[in-house]
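Observations on the model geometry
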Amino acid sequence: MDREAAGGQDGWHDACMVLRRQSATRALCLITGLVVLGCGSSGDHTSTPTPTSAPTPTGVGSSTPAAVTACQASAIAASQGQSDSAAGRIVYAIVLTNTGPQSCTMDGYPTVTLADTGGTLPTTQTNGNDGVASVSTTPAVVAIAAGDAASFVLQYVDVATGTQSCPTATQLQIVLPGGGGMVLATVNDTPCGGELDVSPVRAGIAPP
């Protein structure tokens, strides 16, 4: 019986030792896990990416409309338009056609000079149109698209007074307003005294 008691005590002692070793091992594992977890959380820093801004457009592919400039004689063709006659007064339009590739503008009164095959003739120009109510005497900017036309109205008296002469002009020299140079128009005019009434350039080519 004593041997059996002693054997039982030894078995109990061994079991206790095993439990103690297992408890110690679990505690060590728990401590190790906490240390590893703590180290991982302290060293695991997530960086926030810096936002980048979109590149500034360089303007490639964009276009700026070209500014409309004053009409130049190299791109203007002048011709005699529709006319009207009454009580010794001749009234007609001079048509100014834009033959260039771009729009241009005119603003104001042209300067005209009568001429024939021998050269210029004495000319007196009056800005305005006496007796032509439908034609404005107020200058305004007129835009002329490529291929379109503007005009101005010219009038004169073809009945002589006293000793006045009425020479025949076959050409009209026209200096465009705005410093655009001179163009020529073929005409057949007999203005007595070389006196001409001239309107500002106007939009369109309607008869006076």
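Note that the coordinates shown come from a computational prediction; the quantities given were computed from them, not determined experimentally.

Rules used throughout
Residue indices begin from 1 for each chain and proceed along its sequence in written order. Confidence filtering applies because this is a predicted model: local features only for residues at pLDDT of at least 70, side-chain atom pairs given and counted only at 80 or more, and all residues used for totals across whole chains, interfaces and linings. To obtain the side-chain values, all non-hydrogen atoms of the structure were used and water was disregarded. Among buried residues, the Ala, Val, Leu, Ile, Met, Phe, Trp, Tyr and Cys ones that are joined through side-chain atoms within 4.5 Å form a nonpolar core. Each residue is placed in one exposure class: buried if its accessible area under a 1.4 Å probe, protein chains only, is under 20% of its type's maximum, exposed if it is over 50%, and partly exposed if it falls in between. The criterion used for residue contact is that any of the two residues' heavy atoms lie within 4.5 Å. The criterion for a disulfide is a pair of cysteine sulfur atoms lying within 2.5 Å. The helix count covers DSSP runs of H or I at least four residues long, the strand count covers runs of E at least two residues long, and both are numbered beginning at the N terminus. Paired strands, in this sense, are two strands between which DSSP finds at least two bridges. Patch building starts from residues that exceed 30% relative accessible area and form no salt bridge, then joins like charges within 9 Å and nonpolar side chains (Val, Leu, Ile, Met, Phe, Trp, Tyr) within 5 Å. Shrake-Rupley sampling with a 1.4 Å probe provides the accessible areas, and residues are treated as covered by the protein chains on show and by no other component. Salt bridges are identified by distance alone: a Lys or Arg side-chain nitrogen within 4 Å of an Asp or Glu carboxyl oxygen. pLDDT gives the predictor's per-residue confidence on a scale running from 0 to 100.

Brief notes about the nonpolar core
- Of all hydrophobic cores here, the largest spans 29 residues; its most connected members are Ile-94, Leu-96, Leu-172 and Ile-174.
- Beyond its immediate stretch of four places on either side in the chain, Leu-172 contacts Tyr-92, Ile-94, Val-112, Thr-113, Leu-114, Leu-154, Val-183, Leu-184, Ala-185, Val-187 and Leu-196.

Structural notes on the state of the cysteines
- Inspection of every chain in the model, using the stated rule, returns two disulfides.
- Note on cysteine connectivity: Cys-71 is disulfide-linked to Cys-104, with sulfurs 2.0 Å apart. A torsion of 85 degrees about the S-S bond marks the disulfide between Cys-71 and Cys-104 as right-handed. Of this pair, Cys-71 sits in the loop between strand S1 (69-70) and strand S2 (76-86) while Cys-104 sits in strand S4 (residues 104-107), and the two are 33 residues apart along the sequence.
- Residue Cys-71 is classed as buried on the basis of its relative accessible area, which comes to 1%.
- Take Cys-104: its relative accessible area is 7%, and that puts it in the buried class.
- What pairs with Cys-166 in a disulfide is Cys-192, and their sulfur atoms sit 1.8 Å apart. When the S-S torsion is 95 degrees, as for the bridge of Cys-166 with Cys-192, the disulfide is right-handed. Residue Cys-166 is found in the loop between strand S9 (149-157) and strand S10 (169-175), and its partner Cys-192 is found in the loop between strand S11 (182-189) and strand S12 (195-198); the two are separated by 26 residues along the sequence.
- Counting only the cysteines that form disulfides, in the order they appear in the protein, gives the pairing 1-2, 3-4.

Comments concerning the pairing of S4
- Relative to S4, S1 runs parallel, the two being bridged by two bridges. Residue Ala-70 lies in a different strand from S4, and its bridge partner there is Thr-105.
- Taken together, the four bridges between S4 and strand S8 (residues 141-144) define a ladder with antiparallel strand orientation. Each bridged residue has a counterpart across the sheet, and for Thr-105 the counterpart in S8 is Ala-143.

A few points about the sheet that holds S4
- Judged by pairing direction, the sheet is mixed, and its three strands sit side by side in the order S1-S4-S8 without closing on themselves. Looking at which strands have only one partner, the edges of the open sheet turn out to be S1 and S8.

A short note on a nonpolar patch on the surface
- Where nonpolar side chains cluster on the molecular surface, the patch consists of Val-175, Met-182 and Leu-184 and spans about 250 Å² of accessible area.
- Within the secondary structure layout, Val-175 lies in strand S10.
- The partly exposed category is assigned to Val-175, whose relative accessible area is 35%.

Describing the confidence of the model for the protein
- Per-residue confidence for the protein gives a mean pLDDT of 79, with 66% of residues at or over 70.
- Counting interchain partners and residues more than four positions distant, the pLDDT-below-50 stretch residues 3-8 has zero contacts.
- Scored below 50 in pLDDT, residues 39-43 makes zero contacts in the model with residues more than four places away or belonging to other chains.

Overview of the pattern of salt bridges
- One pass over the full model with this rule turns up one salt bridge.
- Where Asp-197 meets Arg-89, a salt bridge forms, and the shortest distance between an N and an O atom there is 3.7 Å. With Asp-197 in strand S12 and Arg-89 in strand S3 (residues 89-98), the pair connects residues that are 108 residues apart, well separated along the chain.
- We classify Arg-89 as partly exposed; its relative accessible area is 27%.

Structural notes on the sheet that holds S10
- Here four strands make up an open sheet; going across it, the order is S6-S5-S10-S11 and the pairing antiparallel. On the outer flanks of this sheet lie strand S6 (119-120) and S11, each paired with one strand and no other.
- Pairing of strand S5 (residues 111-116) with S10 involves five bridges; the strand directions are antiparallel. The residue bridging Thr-111 from the neighbouring strand is Val-175, located in S10.

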